[in-house]
Amino acid sequence: RFDSAVECYREAGEVGKWVSSLERMGAAFEAAQVSLERDDWGRAIRSLQLVSHDDPDYVSAANLLVDAYDREGHLDLATQKIDEIIEKHGADQVPIETCDRVAEQLERSGEYERALDMLEIVRRRDATYPNLATRIEGIRKRLSKEQSTQAEPGVGTGAGNAAFAS
C-alpha cells in the first residue's frame, strides 16, 4: 500500500508526501536522503531521528544527523549524538573529520573539556592528523589556566587560616 503511494508521490513531485510515505513505511533513512537531495535539512533531521538503533543504516544515519545538527547550529545535539554512536557502536564509527569539526566548535564555545574528548578520539584513531598535537596542547593549557584562575579567589582570603585561630 505505501509502496504504491511512495511511487505516486515521487512521480508527481510531491516531495513532502513522498517523504512522509517513506517514513510511514519504515524507510526513514531513504526519506532523509530525499530531503537532503533537496537541501531540506530540517526535514532530513526529522527523518534521521526516526532511524532506529537496530536499523542497518543507523550508523550512517546517525553520522548524517550529526552533520545536520552541526550545520543547523545545534552543537549540543551533535555532541550528544556522537556520544550515542560511540556508546552503542564504538568511536571508530564516527568519522574523524566529524570529531575534528565538532571539537573546533566546542573549543570556540569555551567547552574545552568536551573539545579535548573529541580530539582524543581523533588521536586514538590517527595520531598524525594535521595540527592535532598543537590543538590538544593548546586546550590543555587553557584548561590548566582556567583551573588555576578558579583556585585563585580563595587564596589569601583568610578562610584557610580559620583552623589556626582557635
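Whatever comes next refers back to the structure up there.
What counts and how
Residues numbered from 1 in each chain as written. Predicted model: local features only at pLDDT ≥ 70, side-chain atom pairs only at ≥ 80, totals over all residues. Heavy atoms only, no water. Salt bridge = Lys/Arg side-chain N within 4 Å of Asp/Glu carboxyl O. Helix = DSSP H or I, 4+ residues; strand = E, 2+ residues; numbered from the N terminus. Buried < 20%, exposed > 50% of the residue type's maximum accessible area, 1.4 Å probe, protein only. Contact = heavy atoms within 4.5 Å.

**Student:** Which parts of the structure should I look at to understand the pattern of salt bridges?
**Tutor:** Side chains carrying opposite charge are able to pair once their charged atoms draw close together. Following the criterion strictly, the structure yields twelve salt bridges and no others. In this structure, aspartate 70 and arginine 101 form a salt bridge, with 2.3 Å as the shortest nitrogen-oxygen distance. Here arginine 101 lies in helix 7 (residues 96-108) and aspartate 70 lies in helix 5 (residues 58-71), a separation of 31 residues in the sequence. Notably, a salt bridge pairs arginine 123 with glutamate 120, separated by 2.7 Å at the nearest N-O pair. One end of the pair, arginine 123, and the other, glutamate 120, are both in helix 8 (residues 112-125), three residues apart, so they sit about a helical turn from each other. In this structure glutamate 120 comes out as buried when scored by relative accessible area, which is 12%. Look at the salt bridges and you will find they share partners, linking Asp67, Asp70 and Arg101 into a network.

**Student:** Whenever I open this one, the environment of serine 35 confuses me. Can you help?
**Tutor:** With respect to the helices and strands, the residue serine 35 is situated in helix 3 (residues 28-37). For the pair serine 35 and valine 15, spaced 20 residues apart in the sequence, the C-alpha separation amounts to 8.0 Å. Look past the residues within four positions of serine 35 in its chain and what remains in contact with it is Val19, Asp40, Arg43 and Ala44.

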